[in-house]
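As a plain string of letters, each chain reads:
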Amino acid sequence: MIASNDIPSRTNPQETFVLNLGPQHPATHGVLRIKMTMNGEYVIRAEPVIGYIHRMHEKMGENRTWAQFLPNTGRIDYLSALHYNHAFVGAVERAAQIEVPRRAEYIRVITSELNRISSHLVWWSAFLLDLGGLTPLLYAFDDREKILDLLEGVTGSRLTYCYFRFGGLCNDIDDEFIQGTRTFIAQMRPRLKMYRELVTDNIILRKRLEGIGPISAEMCRKYGATGPVIRGSGVAYDVRKSEPYSVYPEFAFEIPVFPESDSMARYLVRMEEMAQSLRIIEQALGKLPPGPVMGKVPRVLKLPPGDYCYAVEAARGRFLVRTVSDHKEFPYRVKLRTPSFSNLSLYEEACKGMMLPDALALLGSLDLVIPDIDR
Amino acid sequence: MEALVDTSQIVKFAKLDDLLALSRANSLWPLTFGLACCAIEMMAAGGPRFDISRFGAEVFRPSPRQADVMIVAGTVNKKIAPAVRTLYDQMLEPKWVIAMGNCAISGGPFVFPGQYAVVEGVDQLFPVDVYIPGCPPRPEALIEGILALEQKLTGKRRWPVVKPPQ
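This text gives an overview of the structure that appears in the document.

### Topic: the pairing of strand β2 (residues 33-39) of chain A
All names here are of chain A. Two strands pair when backbone bridges link them, and strand β1 (residues 17-21) and β2 are joined in this way by 5 bridges, in the antiparallel orientation. Counterpart to F17 in the pairing with β2 is M38. By the bridge criterion, 7 bridges tie β2 to strand β3 (residues 42-49) in an arrangement that is antiparallel. Opposite I34, over in β3, you have P48 as the bridge partner. What sits between β2 and β3 in their antiparallel hairpin is a turn of 2 residues, with G40 showing a positive phi close to 65°.

Here it is as structure tokens:
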């Protein structure tokens, strides 16, 4: 990292060139395109170009019933599908004042936290792949498959879950799931320790990430960045604590915060979050209440007119669903506030004056999911 | 005087085309091009459990000029379509295309009256050899797709068909 006044100040177009990154580039994790104005190896300006995987989710929300939109929520951020399910289901339940059984809420928390771990494992492997390490992917996907097996047993799908229903869940969990999850927790803890020894404490990784890509808390607030990005800047903002939803207040867990604001801090936040998620799952399994998993829901859902919001802490930050109802079977409007979009928007300011490889390390540490940006 | 070695066990005679097809089928190099959800299952297929390298297709190439097969894994919309087409054009002959997932086959769940963004099927852009249905398809399905492509190349299936349990 060089001080900003050392950046070669030649910005006249004859001495800079435009480097086109994407839409097909391994480091952009999908179809993000970044137009970089370069001066040699230094980034003068990086302009993200989005919209390459716009899939009309918000428009589709206006074209189908509340229940028909539910499968869409699993495909916005496909890595943390259950959180997105939760937000939409929560918004509708809040509007229609549907009572959710406590057992269903507990199972929602358990499955969501498992989903968070699997999402962070994909980020971890892809991020280290960007930095040049192939091996971590093989370890992370091995652990991830165990989570997918568990979730597949109860939800029926491996990736784009549609498990939550208005008023509860479509399936109850069985003893096999509970036993499997306990086994998984017991296996995962030593694995996290191994990850720390194998990768996190590695001097090459430290040199590559420490002090690289500082994002101040002020910049996070300016652009609305949330999730591990703002927690890596020293702000303890987590929707599970600041706007508690579901049964999260009943569990003891910590919000990992690292004030260093660099790429390493964001890395450490996510690694620590996996351990905290394991803690939540363990507590939830310990006091899982008996009872039904589905509340009373009217057959044809017509929400009272009004404007309803529900925010959850997804794996990438605050995801908010805002639905507007005009007492018809279809929503009037479904607005999706996705975390990746806000997290990307600070990129242009944050990577000014960085070396290109560092700018890519910063991009990886933001953990972007491109369909989550474009929706 | 009898031969020291039975050469028929060592030397096989074949048409050059057959030999080339056999070698191509054994080392299909896919293009690293993930579009959406299906790309994660494509990564999982390269992961330790499914291990696509058992079939010689694990060498994901970031450059289209080094790739043999393009796995279109995800939704193609109207903005990305010219780029996908360019990638296809940049690949060297012989080249094949696998349409992975419902989006690449037909637009999948994103087709509704009045839709304005999604290309309804990647076969509108270029010819497709193998279609793999699913939303997203499981990694086993992708492996089956690779095997189907091998069968298309060599004319015979080299791996047994897995029958679903009764």
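Structure's up, so let's keep going.
### Observations concerning unusual backbone geometry
The amide bond that connects B:E93 to the next residue, B:P94, takes the cis arrangement and shows omega of -10°. Considering the arrangement of structural elements, one finds B:P94 in the loop between α3 (81-90) and β2 (96-100). Geometrically, the link from B:C135 to B:P136 is a cis peptide bond, its omega value of -10° lying close to zero. Assignment of secondary structure puts B:P136 in the loop between β3 (130-132) and α5 (139-154). Residue A:Q97 is not a glycine yet carries a positive backbone phi of 55°.

### Comments concerning the packing of helix α2 (residues 66-73) of chain A against helix α3 (residues 81-96) of chain A
Residue and element names in this part refer to chain A. Where α2 meets α3, the closest approach of the two axes is 8 Å, and the angle between their N-to-C directions is 155°. Viewed along their axes, α2 and α3 adopt a mutual orientation that is roughly antiparallel. Judged by the sense of rotation from one axis to the other, the crossing of α2 with α3 is right-handed. Seen from α2, the contacting residues are W66, F69, L70 and T73; seen from α3, they are A81, Y84, N85, F88, V89 and V92. Along the lines of polarity and charge, the residues of the contact of α2 with α3 split into 8 nonpolar, 2 polar and no charged.

### Description of the sheet that holds strand β1 (residues 69-73) of chain B
Residues and elements named next belong to chain B. Taken together, the 3 strands give an open sheet; going across it, the order is β1-β2-β3, and neighbouring strands pair in parallel fashion. In this open sheet, the two strands that pair with only one neighbour each are β1 and β3. Pairs of neighbouring strands in the sheet enclose a mean axial angle of 15°, with direction left out of account.

The rules behind these values
Sequence order as written defines the numbering, with residues in each chain counted from 1. Key to labels: chains lettered from A, ligands numbered from 1, both in the order written. The predicted nature of this model means local features are confined to residues of pLDDT at least 70 and side-chain atom pairs, given and counted, to a pLDDT of 80 or more, with totals for whole chains, interfaces and linings taken over all residues. Calculation of side-chain values draws on the structure's entire complement of heavy atoms; hydrogens and water are dropped beforehand. Only when DSSP finds a minimum of two bridges between them are two strands counted as paired. Counting from the N terminus, the helices are DSSP H or I runs at least four residues long and the strands are E runs at least two residues long. To obtain an axis, a line is fitted to C-alpha atoms, over the contacting stretch when the element is a helix, and the angle between two such axes runs from 0 to 180 degrees between their N-to-C directions. An angle below 35 degrees is treated as roughly parallel, one above 145 as roughly antiparallel, one from 65 to 115 as roughly perpendicular, and anything else as oblique. Helix crossings get a hand from a simple test, with the near helix turned counterclockwise from the far one by less than a right angle marking a left-handed crossing and a clockwise turn marking a right-handed one. Two residues form a contact once any of their heavy atoms are found within 4.5 Å. Three classes are used: nonpolar for Ala, Val, Leu, Ile, Met, Phe, Trp, Tyr, Cys and Pro, charged for Asp, Glu, Lys and Arg, and polar for all others, with Gly counted as polar.

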